[in-house]
Amino acid sequence: MQRTFHDSLKEISGSDDFAQTSVHTKWNSFYLSYYNTLISREQLHHEILTFLKTPESSINHLQELRALIPIEDIRVSSGADEIMEHLMNGSVFIQLDENYNEGILINIGDLNSAIRKNNDTENEYSVVGPRVGFVEDIDTNLKLIRRIIKSDKLKFEESTVGSLSKTRVAIGYIDGITSPQHVNTVRQRLSDFDFDVIFDSSFIDQVITDNSNSPFPLFMTSERVDRIKYALISGQLVIVCNGSPYVLIGPATIFDFFISPEDYYLPWVIGSFFRLIRYFGVLFSIMATPIYVAVTSFHYSVIPRELMGSIINSRVDVPFMPVVEALFLEITIELLREAGARLPTKVGQTLGIVGGIVIGQAAVAAALTSNILLIFVSLSALASFTTPIYKMSNTIRFLRFPLIGLAALWGGLGIMMGIVLILGHLLRLKSLGNPYLVPMFPFRYKDYRDSFVRSSVEFSYLRPGYLRPLTQKRYNVRPRKDKGDNFNEE
Amino acid sequence: MHSAVKENFKMSGFLVFFLIHSTQTGIGMLSFQRQIIESAGQDSWIAVIIAGLCLHIVLWMMVKILNNPSKDIIDIHRFCFGRLFGNAVSLLLIGYFFIIALTVLLAYINILRVWIFPSLKTWELSLALLIILYYLITGGFRVLTGFCFFSVLLSTGLMFSLYFPLQYGQLSYFFPLFNHSFSDLLKSSQSSSVVFLGFESLLLYFPFLKSPQTNIKWAHFALLFSTIKYLALLIVTLLYFSQGHLSRTLWPTLEMMKIIEVPFLERFEYLFIFIWLMIIIPTVCIPLWCCTRITKRLFALKPQLFLVVVLAFLFIAAQPFNDQTKIYALSRFTSQIGFYFVIAYIPLLFVLYFAIKKMKGKRLAQ
């Protein structure tokens, strides 16, 4: 049996923020139902109630009522489910007769009032470039994207996911550029999706990901508008989720996570240099402590004689095995990071001083650790923070723990085994069915123009081929007319 | 045909370069010099060239029988020997690939024990390595190919470290040129062809390649690249060691790496041996993958299950080889089998295949 509005009314009238009022004039009576927590009171008074009181004759038909009110978003409805859904989104339901199911729905929702209006990109900071970030409201976010890419080809496909939260999720892509195969995959996975409440886009990430058991993030998340814009024009698709300032980008490759938008705002030489520094940082951050453990536990003969003295001096009073010492320091750093992330900003600064300087120095003075290891550990912690995407830097910090364990077990061989496993894992991973290590493997030499280094705009006019874009070329490179190539005549 | 591989499982044909090259350059690179110079002395570099050229012919034969339409050796066996007997011959191949994997694994474990961890137990290490192998092989052929790619990158990068021993090279060790008889050279090229073994797994993964016709040149390039690599390594070795010294050196490549010194690192051969793990992994994985592929094609067995069985056998078989003489005997045995498989069996199959094809063609024509 079809549920009527009256049945549903009984269920929801228990909630105190649900209001039912009636307006009686000489000729008419109107019955209003709404959630007063969801609507804008001001609009209700100025744009609905005032107009309801104006007519000088009797209104018998809903269409007449509709013509009366100067709001565009009005629909006539009698279906209980539809009415309930709109009430949840901030509509007012107006009936001419209480006993009928039919009425009009007027959207005067004020869902944004409790949401911040703008966002500085604090978590993905860059020194140059725009600093506008996404906010928790999907309409604002879509507006931000649409405002930058002025093309009729930019499409947003909205759907609702989450059985309780009814979260609006939009897939954004550029028609004629983004591979339809990827869009179909996301569409399919979103429609198979079953979850109750979507708090953040990362829930979507976790449910529609190709492999949920991997420490590596398979979708990129970003709060930067420019990064999303860049992803769209290079042929990736984006997933915007209401209530989350982080937008997902897919399909992602591992190399995307080490790209900062700032690379494109600086001259390509400088940008490429910074990017290489970041890759070096990753390698250093994963390997430094495990190598220290391996060398000091098993392979002390690889240390040159000149260096041996300082290492012996620093370790001579330390009573622990290298692995214990290393784990002690690494966990201290993790504690500091975790505490720093949970504390308010102002307290966090104090913590940095206490943690970084006092604990470190005291640990060395107390001969709990060697100061060479202290240097290694803090450098590798520093290096791990150079990764622009927070999710990836977490992965990198995590990876060194299994490697430390393996290094303590089998020295350099253990580290190598760990690397083999990580590499094997990376080779297995796919993001939306796209290999994760591309363009490294499968090898695509054309896509190296913007991977480890960023080449100049004259060379990077092609979209990455591994994303299978429908049009390959982003822009035409024309020779500059005012620039001669004859150096003799300059 | 049974061997038809679905189009979306196929890979770009040029990846055969990495597959062939990485399966050829494995554990042999560390120790092949001593066997080669036994008969040809300082002229053995000619033997490597001869061996490389001969293997080009074998490769050409292999491609000739595998192509048009692309099939694997199981189809060829069925074609040549009939279904039942052909399958039986294919079954023997499992043993062949198994023993290759076992030899490489043991040789690496042996190097680790001699050079770095004298007290290491074979079972600990083989167990750990087998777990890694299981993870890699279950990733599928594409993952293995990816691994081959990285292994080729690394082994090629490590070749640059030959610059250091070259500095201490004595040009006089290289002379007199050409003072060995042709039969000596042939004998020496027999022992050098052994180090090129591994590319015969092409017999099984050939159907996975996209448009093999145009891409088979990459297989030849890979073989050529391996020849150049071995040649370079051998020449540097001949320049670095005197003949008498070399004949008493078990792992000349590692001995040469010992002299490399950088301000923050000594005993470079440690690093070399560890990185070599990455390089030997394809030479173990691809033969093991071939084992599972054969059983899958013959009995339609689930490959995961069979892989566990093969790895368990590998683990058990590795245990008795706890000292160097046994491992040495095993690798002699394996290289004998491999040599005859490549030099004798494949040409035989080639002749047989085309003879039967001609006969059948005549019968059809009549």
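In the block above lies the structure referred to throughout.
Conventions adopted
Residues numbered from 1 in each chain as written. Chains lettered and ligands numbered in written order. Predicted model: local features only at pLDDT ≥ 70, side-chain atom pairs only at ≥ 80, totals over all residues. Heavy atoms only, no water. Helix = DSSP H or I, 4+ residues; strand = E, 2+ residues; numbered from the N terminus. Buried < 20%, exposed > 50% of the residue type's maximum accessible area, 1.4 Å probe, protein only. Contact = heavy atoms within 4.5 Å. Expected span 1.5 Å × (residues − 1). Pairing = 2+ DSSP bridges. Axes fitted to C-alpha atoms, helices over the stretch in contact; angles between N-to-C directions. Patch = residues over 30% accessible without salt bridge, like charges linked within 9 Å, V, L, I, M, F, W, Y side chains within 5 Å. Areas by Shrake-Rupley, 256 points an atom, 1.4 Å probe, with all protein chains shown as cover. Salt bridge = Lys/Arg side-chain N within 4 Å of Asp/Glu carboxyl O. Lys, Arg positive; Asp, Glu negative; His and termini not counted. Charge placed at Lys NZ, Arg CZ, Asp CG, Glu CD. Buried area = accessible area lost by both parts, 1.4 Å probe. 1 Å grid on protein atoms, 1.4 Å probe; cavity = no way out; pocket = protein on both sides within 12 Å on 5 of 7 lines; lining within 4 Å. Points joined across faces, edges and corners; volume = space filled by probe spheres on them. Nonpolar A, V, L, I, M, F, W, Y, C, P; charged D, E, K, R; others polar.

Some details on the environment of glycine 243 of chain A
Residue and element names in this part refer to chain A.
Part 1 of the reasoning: Among the structural elements, glycine 243 can be located in the loop between β9 (237-241) and β10 (247-250).
Part 2 of the reasoning: Judged by its relative accessible area of 32%, glycine 243 is partly exposed.
Part 3 of the reasoning: In this structure, the C-alpha to C-alpha distance between glycine 243 and glycine 271, residues 28 residues apart in sequence, is 33 Å.
Part 4 of the reasoning: Those residues within four positions of glycine 243 in sequence are excluded, and the remaining contacts are Glu136 and Phe199.

With respect to helix α12 (residues 322-342) of chain A
For an α-helix, the turn length of 3.6 residues means that residues three or four places apart are oriented alike.
Residue and element names in this part refer to chain A.
Part 1 of the reasoning: Between its first and last C-alpha atoms α12 spans 30 Å; for 21 residues at 1.5 Å apiece the expected length is 30 Å, and the two agree.
Part 2 of the reasoning: Every buried residue of α12 is listed here: Pro322, Val323, Glu325, Ala326, Leu329, Glu330, Thr332, Ile333, Glu334 and Arg337.
Part 3 of the reasoning: Contacts made by the buried residues of α12 are with α10 (268-297), α11 (305-315), α13 (345-365), α14 (371-384) and α15 (390-428).

Let's talk about the sheet that holds strand β4 (residues 91-95) of chain A
Sheet strands associate in pairs through backbone hydrogen bonding, adopting either a parallel or an antiparallel arrangement.
All names here are of chain A.
Part 1 of the reasoning: The sheet built from 5 strands is open, its strands ordered β1-β2-β4-β5-β3 with antiparallel pairing. The open sheet terminates on both sides in strands that have one partner only, identified here as β1 (18-24) and β3 (74-77). Averaged over all pairs of adjacent strands, the angle between strand axes in this sheet comes to 25°, irrespective of strand direction.
Part 2 of the reasoning: In terms of strand pairing, β3 meets strand β5 (residues 103-107) through 4 bridges, oriented antiparallel. When the bridges of β5 are listed, serine 77 appears paired with glycine 103.
Part 3 of the reasoning: Along the sheet, helix α2 (residues 41-52) contacts β1, β2 (29-35), β4 and β5; its crossing angle with β2, the most-contacted strand, is approximately 160°.

As for a positive patch on the surface
Part 1 of the reasoning: Taken together, the side chains of Lys430 and Arg468 of chain A together with Arg142 and Lys210 of chain B make up a positively charged region of the molecular surface.
Part 2 of the reasoning: Note that lysine 430 of chain A resides in strand β11 (residues 430-431).

Points about the interface of chain B and chain A
Part 1 of the reasoning: Contact residues are listed per partner, giving 36 residues for chain B and 23 residues for chain A.
Part 2 of the reasoning: In total, chain B and chain A occlude about 2,700 Å² of area from one another, counting both sides; carbon and sulfur atoms represent 80% of this.
Part 3 of the reasoning: When residues of chain B are sorted by the area they lose upon contact with chain A, Tyr135, Phe150 and Phe274 of chain B head the list and together hold 21% of the total.
Part 4 of the reasoning: Seen at the junction of chain B and chain A, the total is 0 salt bridges.

Thoughts on the layout of surface pockets
Part 1 of the reasoning: Approximately 1,400 Å³ is the volume attributed to the second largest pocket.
Part 2 of the reasoning: As for the second largest pocket, its lining consists of 49 residues, and the residues nearest its centre are Lys430 of chain A together with Asn8, Phe9, Phe141 and Arg142 of chain B.
Part 3 of the reasoning: The set of elements that each furnish at least two residues to the lining of the second largest pocket consists of α6 (180-191), α15 and β12 (434-435) of chain A together with α6 (122-138), α7 (141-158), α14 (268-299) and α15 (303-318) of chain B.
Part 4 of the reasoning: The dominant element in the lining of the second largest pocket, judged by the number of residues it contributes, is α14 of chain B, at 4 residues.
Part 5 of the reasoning: Its residues assigned to classes, the lining of the second largest pocket shows 25 nonpolar, 13 polar and 11 charged.

Notes on empty space enclosed by the protein
Residues and elements named next belong to chain B.
Part 1 of the reasoning: For the structure shown, the criterion picks out 2 cavities of 30 Å³ or more.
Part 2 of the reasoning: Of the voids in this model, the largest cavity is the one considered here, and its volume is about 60 Å³.
Part 3 of the reasoning: Met29, Ser155, Leu158, Met159, Ser161, Leu162, Leu233, Thr253, Met257, Phe272 and Trp276 are the residues that line the largest cavity.
Part 4 of the reasoning: Looking at the lining of the largest cavity residue by residue, the classes come out as 8 nonpolar, 3 polar and no charged.
Part 5 of the reasoning: Quantified by volume, the second largest cavity comes out at close to 30 Å³.
Part 6 of the reasoning: Taken together, the elements giving at least two residues each to the lining of the second largest cavity come down to α6 and α14.
Part 7 of the reasoning: Of the residues in the lining of the second largest cavity, the class split is 6 nonpolar, no polar and no charged.

Side note on the pattern of salt bridges
All names here are of chain A.
Part 1 of the reasoning: One pass over the structure, following the stated rule, counts 22 salt bridges over all chains.
Part 2 of the reasoning: Across the pair glutamate 82 and arginine 75 runs a salt bridge whose closest N-O atoms are separated by 3.0 Å.
Part 3 of the reasoning: Residue class for glutamate 82 comes out partly exposed when judged on its relative accessible area of 30%.
Part 4 of the reasoning: Judged by relative accessible area, which is 37%, arginine 75 ranks as partly exposed.
Part 5 of the reasoning: One salt bridge connects arginine 337 with glutamate 338, and the closest N-O pair in it is separated by 3.1 Å.
Part 6 of the reasoning: Salt bridges sharing partners connect three or more residues here, namely Glu334, Arg337, Glu338, Arg342 and Arg397.

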